[in-house]
Amino acid sequence: MAQGFNMGFRSQREWGWLLAIWIFLSGSGSGLFLLYVFYSLPLQFAMLSLGAVILGGAALLLELGSPLRAWLSLSRLGTSWLSRGALSVVLFVICGVLSIASASSVADFLWPDGGAIGKGLFGIAALSALMITLYPGFFLARNRSIPFWNTALFPVISFGFAIMGASGLALLASVWLGEGMNAIASLAAIVIVLDFFLFGIHLISMWRAGGAARESVRLLTGGPLNWAFWGGVVLVGMLVPLVIVLGTRSAAALAGACILIGAFFFRYCTLKAGVYVPAAVLPEGMDMSRLKRTSADLMREYAGMATGNANRRG
Amino acid sequence: MAKELKKVKWGVAIDLKRCTGCQSCTVACKLENGTPPGIFWTRVLEKEEGTYPFAYKLFMPIRCNHCSNPPCVAVCPTGASYVRENDNLVLIDQDRCIGCHSCVVACPYEARSIPESDKGYYGEQTTPYEQVSYRKWQVGTAQKCTLCVDRIDKGLNPACIETCPTRALVFGDLNDPDSPISKLIAQRSHYQPRAELGTEPNVFYLT
């Protein structure tokens with residue numbers, strides 16, 4: 001990473017595609033597990049959910065500079081959202097696999113499906129899934145140096161897009177849905193509309209906030225990220241699938257694919273649009289009068305110096 | 001919980017009226033710590049202001065602020081980033097860092113970096129000097145200004161402080177009211193960068 005020598009706005013350059021893939025897959029996957037719980041979807045959806053989280057985990061390991069020490073990330077649960085997220089993922093994968101094994105009668109010889117152990121594992125998996133959908137929003141919002149993330153609304157939006165991605169995954173696998181199809185399609189439409197308004201409010205408030213927050217919005221809507229934002233998030237990710245699920249539900253899989261594209265680009269765009277407030281900005285109201293003289297002041301000063309010099313020479 | 005009162009609180013005062021933007025501190029840090037290409041533990045930012053013919057440059061040296069409430073330490077999932085017990089130096093345990101980039105993003109002063117390779121300044125082959133200095137850090141883990149902790153422990157000033165030709169940088173114990181840095185801060189108007197974030201930075205800019 002090359003550090004700059006200018007005082008202007010700089011967006012964070014540490015996180016890009018790999019972290020976006022992780023947050024997208026883990027959010028969509030764990031959200032799908034929540035849909036599996038609340039809509040009593042077929043077991044295949046729980047397996048799909050686990051697969052997405054595990055695949056995302058592989059992307060996260062690639063993101064790490066020293067992946068062989070990843071287990072150490074469980075050691076700061078008190079302060080670090082990443083640590084809490086890592087614990088949730090470990091619990092989700094372990095309890096999710098055992099819970100699926102239990103539900104598919106593979107583990108009947110160990111414990112019965114409806115027994116206390118099976119219910120306990122299922123409950124832990126569901127709670128961990130909820131935590132995985134929630135934590136990335138808090139993880140990013142904790143960064144006080146980046147105002148675009150550091151808002152109370154951001155974790156809500158992040159959760160909303162996780163559920164949107166989950167509905168996209170469910171629609172993509174709509175051949176397994178059966179009677180649950182209408183409920184998931186309705187959920188997708190509601191979540192798309194809600195996310196659209198929440199993110200819209202966020203963008204407007206960030207624009208009005210000015211400074212680095214406004215620069216983030218500029219990057220998204222009129223800067224280098226605008227193709228990914230307008231094309232990927234708004235058009236392909238929200239408007240097209242909304243039209244499909246409100247119109248012909250026979251193309252639910254296509255709507256699901258579009259939603260997934262939108263959910264992914266949302267993660268990518270919001271990560272890349274994280275702009276720092278420049279550390280070197282001088283505080284408002286500070287007396288920098290010696291440095292910030294107007295041209296007229298300087299001209300008067302220079303004229304005075306010239307007169308003084310002439311007098312001394314004379 | 002009451003905050004633990006440290007015996008020593010190291011700080012740096014930067015006199016913006018004295019800084020000429022010569023980058024001596026940047027180079028001295030490179031020499032002392034052997035940081036890899038593209039990574040600077042301290043650097044002087046520049047900004048042009050005004051218009052021709054009355055244009056001028058503002059210079060602002062930036063570095064790790066060794067904050068009393070460092071956001072980089074709180075976000076670290078492994079405890080690799082820590083505050084030294086006997087003073088306020090924020091350091092990184094290279095053997096615990098997993099390179100998750102959380103601290104790099106969390107630092108409001110953009111003072112942390114993660115080297116992606118151990119290439120030297122002169123191509124694939126590192127110089128003997130680079131081979132020795134690169135032992136201080138690992139590829140893929142976070143690194144930052146240590147305020148030359150080895151020198152401090154020997155009773156010396158950090159390299160950047162020693163080298164500043166205009167004496168724009170002053171280092172010392174902020175807990176000692178008689179130290180030169182404490183006196184300067186008491187006498188001069190100053191500000192702490194991004195103090196509104198609650199980081200309690202220990203770098204003071206004198207204006």
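Model, not experiment: these values are computed from the prediction.

A. Structural context of the overall build of chain A. For chain A, the helix and strand inventory stands at ten helices and two strands. When the elements of chain A are put in sequence order from the N terminus, they spell out β-α-α-α-α-α-α-α-α-α-β-α. Expressed as a percentage of the 314 residues in chain A, the buried residues total 46%. By sequence separation, contacts in chain A at least 24 residues apart represent 73% of the contacts at least 6 residues apart.

B. Quick look at the overall build of chain B. The secondary structure content of chain B amounts to seven helices and eight strands. On C-alpha atoms alone, chain B measures out to a radius of gyration of 17 Å, which is about the 17 Å that the 2.2 N^0.38 rule sets for 207 residues. Its C-alpha atoms give chain B principal-axis dimensions of about 55 × 45 × 30 Å. Within chain B, the proportion of its 207 residues that are buried is 44%. Across chain B, every contact between residues at least 6 apart in sequence was considered, and the portion connecting residues at least 24 apart equals 60%.

C. Here's a closer look at the environment of B:His190. Residue and element names in this part refer to chain B. Within the secondary structure layout, His190 lies in strand S7 (residues 190-191). We classify His190 as partly exposed; it has 17 C-beta atoms within 10 Å. The spatial distance from the C-alpha of His190 to the C-alpha of Thr207 is 5.5 Å, given a sequence separation of 17 residues. Each residue touching His190, except ones within four places of it in the same chain, is listed here: Ile185, Phe204, Tyr205, Leu206 and Thr207.

D. A look at the interface of chain A and chain B. Each partner contributes residues to the interface: chain A has 39 residues there, and chain B has 43 residues. Listing elements by their share of the side of chain A that touches chain B, those giving two or more residues are helix H3 (81-103) and helix H10 (295-313) of chain A. Broken down by element, the side of chain A that touches chain B gets its largest block of residues, three residues, from H3(A). Here the side of chain A that touches chain B is built from residues that sort into 19 nonpolar, 13 polar and seven charged.

E. Quick look at the sheet that holds strand S1 (residues 10-15) of chain B. Residue and element names in this part refer to chain B. Here four strands make up an open sheet; going across it, the order is S6-S1-S8-S7 and the pairing mixed. Among the strands making up the open sheet, the edge pair consists of strand S6 (169-173) and S7. Lying over the sheet, helix H7 (residues 180-187) contacts S1, S6, S7 and strand S8 (203-206), oriented at roughly 115° with respect to S6.

F. Here's a closer look at unusual backbone geometry. Residues and elements named next belong to chain B. Of note in this structure, His101 is not a glycine but carries a positive phi near 75°. We classify His101 as buried; it has 22 C-beta atoms within 10 Å. The backbone phi angle of Arg167 is positive, close to 55°, even though this residue is not glycine.

G. The arrangement of the confidence of the model for chain B in detail. For chain B, per-residue confidence averages 90 on the pLDDT scale, and 97% of positions sit at 70 or higher. Here strand S2 (residues 42-49) of chain B stands out as the least confident element of chain B, with mean pLDDT 85; strand S5 (residues 90-92) of chain B is the most confident, with 96.

H. Representation of the nonpolar core. With 144 residues, the main nonpolar core has A:Leu32, A:Ala170, A:Ala188, A:Cys269 and B:Leu169 as its most contacted residues. Top contributing element to this core by residue count: helix H9 (residues 252-272) of chain A, with 13 residues.

I. Expanded view of the pairing of S8(B). All names here are of chain B. Relative to S8, S1 runs parallel, the two being bridged by four bridges. Opposite Asp15, over in S8, you have Leu206 as the bridge partner. Looking at chain direction, S7 and S8 are connected through two bridges and run antiparallel. Counted as the bridge partner of His190 is Leu206 from S8.

J. Region of the structure containing helix H2 (residues 43-63) of chain A. Residue and element names in this part refer to chain A. In this model H2 runs 31 Å from its N-terminal to its C-terminal C-alpha over 21 residues, within 8% of the 30 Å that 1.5 Å per residue would give. Within the span of H2, buried status applies to Phe45, Ala46, Leu48, Ser49, Leu50, Ala52, Val53, Gly56, Gly57, Leu60 and Glu63. Looking at the buried side of H2, the elements it contacts are helix H1 (17-38), H3, helix H4 (116-141) and helix H5 (153-172).

K. Broad picture of H1(A). Helix length check: H1(A) (22 residues) gives 31 Å between terminal C-alpha atoms against 32 Å at 1.5 Å per residue, within 8%. Two residues or fewer after H1(A) comes A:Ser40, characterised by a positive phi angle close to 50°.

L. Region of interest: the packing of H5(A) against H9(A). Residues and elements named next belong to chain A. Contact pair H5 / H9: the axes reach a minimum separation of 7 Å and the direction vectors enclose 150°. Here H5 lies roughly antiparallel to H9, going by the angle between them. Where H5 crosses over H9, the handedness of that crossing is left-handed. Within the contact between the two elements, H5 uses Phe161, Met164, Gly165, Ser167, Gly168, Leu169, Leu171 and Leu172 and H9 uses Ala252, Ala253, Ala255, Gly256, Ala257, Ile259, Leu260, Ala263 and Phe266.

M. Expanded view of the packing of helix H6 (residues 181-209) of chain A against helix H7 (residues 211-221) of chain A. All names here are of chain A. Viewed as axis vectors pointing N to C, H6 and H7 meet at an angle of 130°, and their least axial separation amounts to 6 Å. By the criterion of interaxial angle, the relationship of H6 to H7 is oblique. Along this stretch, H6 crosses H7, giving a crossing that reads as left-handed. Between H6 and H7, the contacting residues are Leu203, Met206, Trp207 and Ala209 on the first element and Gly211, Ala213, Arg214, Ser216 and Val217 on the second. Class assignment for the residues of the contact of H6 with H7 results in six nonpolar, two polar and one charged.

Calculation criteria
- Residues numbered from 1 in each chain as written.
- Chains lettered and ligands numbered in written order.
- Predicted model: local features only at pLDDT ≥ 70, side-chain atom pairs only at ≥ 80, totals over all residues.
- Helix = DSSP H or I, 4+ residues; strand = E, 2+ residues; numbered from the N terminus.
- Buried ≥ 20, exposed ≤ 12 C-beta atoms within 10 Å, placed from the backbone.
- Contact = placed C-beta atoms within 7 Å.
- Rg over C-alpha atoms; globule rule 2.2 N^0.38 Å.
- Nonpolar A, V, L, I, M, F, W, Y, C, P; charged D, E, K, R; others polar.
- Pairing = 2+ DSSP bridges.
- Axes fitted to C-alpha atoms, helices over the stretch in contact; angles between N-to-C directions.
- pLDDT = per-residue confidence, 0-100.
- Core = buried A, V, L, I, M, F, W, Y, C linked by C-beta atoms within 7 Å.
- Expected span 1.5 Å × (residues − 1).
- Parallel < 35°, antiparallel > 145°, perpendicular 65-115°, else oblique.
- Left-handed = near helix turned anticlockwise from the far one by under 90°.

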